[in-house]
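Listed here are the chains, written in short residue letters.
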Amino acid sequence: MKVAVVGATGLVGSEMLTVLAERNFPVTELIPVASERSKGKEIEFKGKKYKVVTAQDAIALKPDVALFSAGGSTSTEFAPLFAEAGITVVDNSSAWRMDPSKKLIVPEVNGDVLTSEDKIIANPNCSTIQMVVVMKPLHEKYKIKRVVVSTYQSVTGTGVAAVKQLNDERAGVDGEKAYPHQIDLNVIPQIDVFQDNGYTKEEMKMIKETNKIMRDDSIRVTATTVRIPVIGGHSESVNIEFENDFDLQEVRDLLAAQEGIVVVDNPAKLEYPMPKDAHGKDEVFVGRIRRDESQDKTLNLWVVADNLRKGAATNAVQIAELLHKNQLIGS
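What counts, and at which threshold
- Residues numbered from 1 in each chain as written.
- Predicted model: local features only at pLDDT ≥ 70, side-chain atom pairs only at ≥ 80, totals over all residues.
- Heavy atoms only, no water.
- Pairing = 2+ DSSP bridges.
- Helix = DSSP H or I, 4+ residues; strand = E, 2+ residues; numbered from the N terminus.
- Axes fitted to C-alpha atoms, helices over the stretch in contact; angles between N-to-C directions.
- Contact = heavy atoms within 4.5 Å.
- Expected span 1.5 Å × (residues − 1).
- Bend = angle between axes of the 7 residues up to and from the residue.
- UniProt positions renumbered as here; feature names shortened; annotations may be inferred.
- Salt bridge = Lys/Arg side-chain N within 4 Å of Asp/Glu carboxyl O.
- Buried < 20%, exposed > 50% of the residue type's maximum accessible area, 1.4 Å probe, protein only.
- Polar contact = N/O pair within 3.5 Å; in protein donor to acceptor, adjacent residues only side chain to side chain.
- Core = buried A, V, L, I, M, F, W, Y, C linked by side-chain atoms within 4.5 Å.
- Patch = residues over 30% accessible without salt bridge, like charges linked within 9 Å, V, L, I, M, F, W, Y side chains within 5 Å.
- Areas by Shrake-Rupley, 256 points an atom, 1.4 Å probe, with all protein chains shown as cover.

What follows concerns the sheet that holds strand β14 (residues 298-305). The sheet built from six strands is open, its strands ordered β10-β9-β11-β14-β13-β12 with mixed pairing. The two strands at the open ends of the sheet, each matched to only one other strand, are β10 (220-227) and β12 (261-263). Direction aside, the axes of adjacent strands within the sheet are offset by 20° on average. Pairing between strand β9 (residues 144-153) and strand β11 (residues 234-242): eight bridges, direction antiparallel. When the bridges of β11 are listed, V147 appears paired with I240. Against the sheet, helix α8 (residues 248-257) engages β12, β13 (284-291) and β14, with an angle of about 170° to β13.

Moving on to helix α3 (residues 72-84). Here α3 is 13 residues long and its end C-alpha atoms lie 18 Å apart, about the 18 Å a rise of 1.5 Å per residue gives. A bend of about 35° at F78 is the largest found in α3, and the proline P80 appears one to four places after it. Tucked into the core, α3 has its buried residues touching β1 (2-6), α2 (55-60), β5 (65-68), β6 (88-91) and β8 (120-122). Remark: G86 follows α3 within two positions and exhibits a positive phi of approximately 85°.

Feature annotation in UniProt places "domain: Semialdehyde dehydrogenase NAD-binding" (unreviewed entry) on residues 2-117, given in this structure's numbering. Between the C-alpha atoms that bound residues 2-117 there is a distance of 19 Å. The span itself is 30% helix and 24% strand.

Tallied over the full model, the rule gives 24 salt bridges. Close ionic contact of K177 with D174 constitutes a salt bridge, the shortest N to O distance being 3.2 Å. Looking at K177, the relative accessible area reads 47%, which means it is partly exposed. The exposure class of D174 is exposed, given its relative accessible area of 73%. Of the charged contacts, one joins R309 and D282 as a salt bridge, the two residues approaching to 2.9 Å between their closest N and O atoms. In this pair, R309 sits in helix α10 (residues 309-325) while D282 sits in the loop between α9 (275-278) and β13, placing the two residues 27 residues apart along the sequence. Residue classification places D282 among the buried residues on the basis of a relative accessible area of 15%. Here the salt bridges do not stand alone but share partners, grouping E15, E22, R23, D282, R309 and E321 into one network.

This part is about the UniProt feature "binding site: phosphate" (unreviewed entry) in the protein chain. Per the UniProt entry, the sites bearing "binding site: phosphate" (unreviewed entry) are R97 in this numbering. If we ignore the near neighbours within four places in the chain, the residues touching R97 are N92, L104, A122, N123, P124, N125, K205, E209 and K212. One polar contact links the side chain of R97 to the main-chain carbonyl oxygen of N92, over a distance of 2.9 Å.

Among the structural elements, K136 can be located in helix α5 (residues 126-142). The class of K136 is buried, set by a relative accessible area of 17%. In contact with K136, not counting residues within four places along its chain, are E108, V109, M214 and Q258.

The next point concerns the nonpolar core. Of all hydrophobic cores here, the largest spans 55 residues; its most connected members are F82, V134, L138, V147, L255 and L301. With eight residues, α5 is the single largest residue contributor to this core. If we skip the residues at most four places from it in the chain, F82 touches V6, A55, A58, I59, A66, F68, I87 and V89. Within the second largest apolar cluster, 34 residues are counted, among which are L17, F45, Y50 and V65.

Burial analysis of β10 places six of its eight residues in the buried class, the great majority of the element. When β9 meets β10, the two strands line up parallel, connected through eight bridges. By the bridge assignment, V147 is partnered in β10 with V221.

The grouping of L270, Y272 and M274 at the surface amounts to a nonpolar patch, some 290 Å² of accessible area in total. Relative to the assigned elements, M274 resides in the loop between β12 and α9. Under the relative-accessibility criterion, M274 is labelled partly exposed at 33%.

This is how it looks when you write it as structure tokens:
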């Protein structure tokens, strides 16, 4: 298949290329897309070199699928143009996530809703993706009433400038700032801009996206999202209240059986998920599985994933894989 990667020179775009190669997605022709200033640059993919083109050029080349990771304004402008040309778009920005006419997809959770009519498909927020993968088997078995989540998100979630700020601060260099405060030896309890209700945009994304993906507005969600001085991998402390009671061993078994989850939960050997162990992996890792002893039918979990992989690039490629498998794209 002809595959376009829009934003191919960025952090997530580069990761998309890596994931496409690693997972042997059937790419017969790659079309790397970036801004006008990157036009003509060369990208290597599976030992071959491809020249970067603009979005307009890419539309004319008629790819079967276009994986977008170039920011909301680019997606808003160009995704509809690709879709009008019959190209299926999988978009990693927040532009289309809450549009009621667009599907918001995590393949293991709600991939069954996709049809050939879906020409713009939204990839959820990184912190939402790893949480709903864990929620799915538990909701099916015990019915989730309420989720309280606190995140510990790495600087790669912000981008190259944030990684540079952290490295500059560690080296004692006074460089450009991606954050309003120092990030090294610090945590910043703000991700994205504040809303009128006192929550940040990132927190509201987690709340609204979770309900949409889970197809259940009755699940109450509250979130606090925090940036930490880690280069890659997001972690989450998740507290889940159920309608029905659970058995801890059954919870572990349900999670271990869920596609895309690895349970790492052996406190006796100090084994639990950490971002450094999730680096470069496509799975969601779960540990610290225990009852909330302050409240009935309530569970505590620790959830970790590589935010550039399952939180972004891998999930987008998995959506494309699902479309291909179900013959919704390509000839």
